Amino acid sequence: MTTPLGKDEVCSRLDALCRRGKLPGFRRTEDGFVVDAFGAPFDADLVGHVEGTEGGSRVTFRLVRRLQTPLIFVIVMALTVEPGRYFMDQLIPGEWGWIDTRWWYYPLTILPLPWIWRKLSRASRAATLDHASEQVERIGGAIGASRG
């Protein structure tokens, strides 16, 4: 999108919008700004690059997934499988004559993880794209931008 405003004025208007609570997570960067793009369960950053042109500025966007929440998800999944097996062994003692817990517990807990990850990633991507498009519209309205 293009705007008749300069780079500093674009960031100043977006900062004012953030202070009014209309643009969550606004931060200035060297090349432009970053705002939040919420998605459940994984959020992303909407990175705006502001480039000065003749008579104004050009703003381009890209969406970058934050790695903190997916990393926490992976660590929690990895750290809960083995303690879960231990507690299941306590609930179903070996004296009952059942098959060893490892033969059925690991497949039930580990094999579905790729499908769960895929579902969460797709849902998160759709939610962040939706929120990012709302943010882009809000930014465009604040800086008087036109598509192009």
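Counting restarts for each chain: residues are numbered from 1 in the order of the written sequence. Note on the predicted model: pLDDT of at least 70 is required for a residue's local features to be given, and 80 or more for side-chain atom pairs to be given and counted; whole-chain, interface and lining totals, by contrast, use all residues. The basis for the side-chain values is all heavy atoms of the structure; hydrogens and waters are excluded.

## Notes on the packing of helix H1 (residues 7-19) against helix H4 (residues 113-143)
Then, number 1: An axis is simply a line fitted to the C-alpha atoms; with a helix, the fit covers only the stretch in contact. Between two such axes, the angle follows the N-to-C directions and lies from 0 to 180 degrees. Only DSSP runs of H or I reaching four residues or more are called helices, and only runs of E reaching two or more are called strands; each is numbered from the N terminus. Look at H1 against H4: their axes get within 9 Å of each other, and the N-to-C directions meet at 120°. As for the relative orientation of H1 and H4, their crossing is right-handed in sense. Of the residues in H4, those touching H1 at Val 10, Arg 13, Leu 14 and Leu 17 are Arg 138, Ile 139, Ala 142 and Ile 143.
Then, number 2: Residues that form the contact of H1 with H4 fall into these classes: six nonpolar, no polar and two charged. Crossing handedness: left-handed means the near helix sits turned counterclockwise from the far one by under a right angle, and right-handed means the same turn made clockwise. Any pair of residues with heavy atoms lying within 4.5 Å of one another is described as a contacting pair. Under this grouping Gly is polar, as are all residues other than the nonpolar Ala, Val, Leu, Ile, Met, Phe, Trp, Tyr, Cys and Pro and the charged Asp, Glu, Lys and Arg.

## Looking at the packing of aromatic side chains
Then, number 1: Working definition: a ring pair exists when centres of Phe, Tyr or Trp rings (six-membered ring for Trp) sit within 6.5 Å. Plane angles under 30 degrees give stacked, over 60 give edge-to-face, the rest tilted. Throughout the structure, instances matching the rule amount to eight aromatic pairs.
Then, number 2: Measuring from ring centre to ring centre gives 6.1 Å for Phe 26 and Phe 33, while their planes differ by 35°; the resulting arrangement is tilted. There is no split in this pair, since Phe 26 and Phe 33 are both buried.
Then, number 3: Here the aromatic residues Phe 26, Phe 33 and Phe 61 are joined through ring pairs into a cluster of three or more. Relative accessibility decides the category of a residue: with a 1.4 Å probe and only protein chains considered, values under 20% of the type maximum give buried, values over 50% give exposed, and everything between is partly exposed.

## Overview of the sheet that holds strand E5 (residues 56-65)
Then, number 1: By this definition, two strands are paired if DSSP reports at least two bridges between them. Read from one edge of the open sheet, five strands run E1-E5-E4-E3-E2, paired in antiparallel fashion. Sheet topology places strand E1 (2-3) and strand E2 (27-28) at the edges, where each strand pairs with a single neighbour.

## Some points on the side chain of Arg 85
Then, number 1: Topologically, Arg 85 is positioned in helix H2 (residues 68-91).
Then, number 2: Classification of Arg 85 as buried rests on a relative accessible area of 15%.
Then, number 3: For this analysis, a polar contact is any N or O atom pair within 3.5 Å, provided that within protein one partner can donate a hydrogen and the other can accept it, and provided that sequence-adjacent residues contribute only side-chain to side-chain pairs. A polar atom in the side chain of Arg 85 sits 2.6 Å from the side chain of Asp 89.
Then, number 4: Leave out the neighbours within four places in its chain, and Arg 85 touches Thr 101, Arg 102, Tyr 105 and Tyr 106.

## Here's the deal with the packing of H2 against helix H3 (residues 101-110)
Then, number 1: In the contact formed by H2 and H3, the axes pass within 10 Å of each other and the chain directions differ by 140°. Accordingly, the angle class assigned to the pair H2 and H3 is oblique. Helix-helix and strand crossings are classified by hand; for H2 and H3 the assignment is right-handed. On the side of H2, the interface is formed by Thr 80, Val 81, Glu 82, Gly 84, Arg 85, Met 88 and Asp 89, while H3 contributes Thr 101, Arg 102, Trp 104, Tyr 105, Tyr 106, Thr 109 and Ile 110.
Then, number 2: Across the contact of H2 with H3, the residue classes tally to six nonpolar, four polar and four charged. In these notes the angle categories are as follows: under 35 degrees is roughly parallel, over 145 is roughly antiparallel, 65 to 115 is roughly perpendicular, and the rest is oblique.

## Let's talk about the pairing of E5
Then, number 1: For E1 and E5, the ladder comprises two bridges, and the chain directions are antiparallel. Bridge assignment links Thr 3 to a residue of E5, and that residue is Ser 57.
Then, number 2: Summarising the sheet, strand E4 (residues 44-53) and E5 pair through ten bridges and their orientation is antiparallel. In the sheet register, His 49 faces E5, and the bridge partner there is Thr 60.

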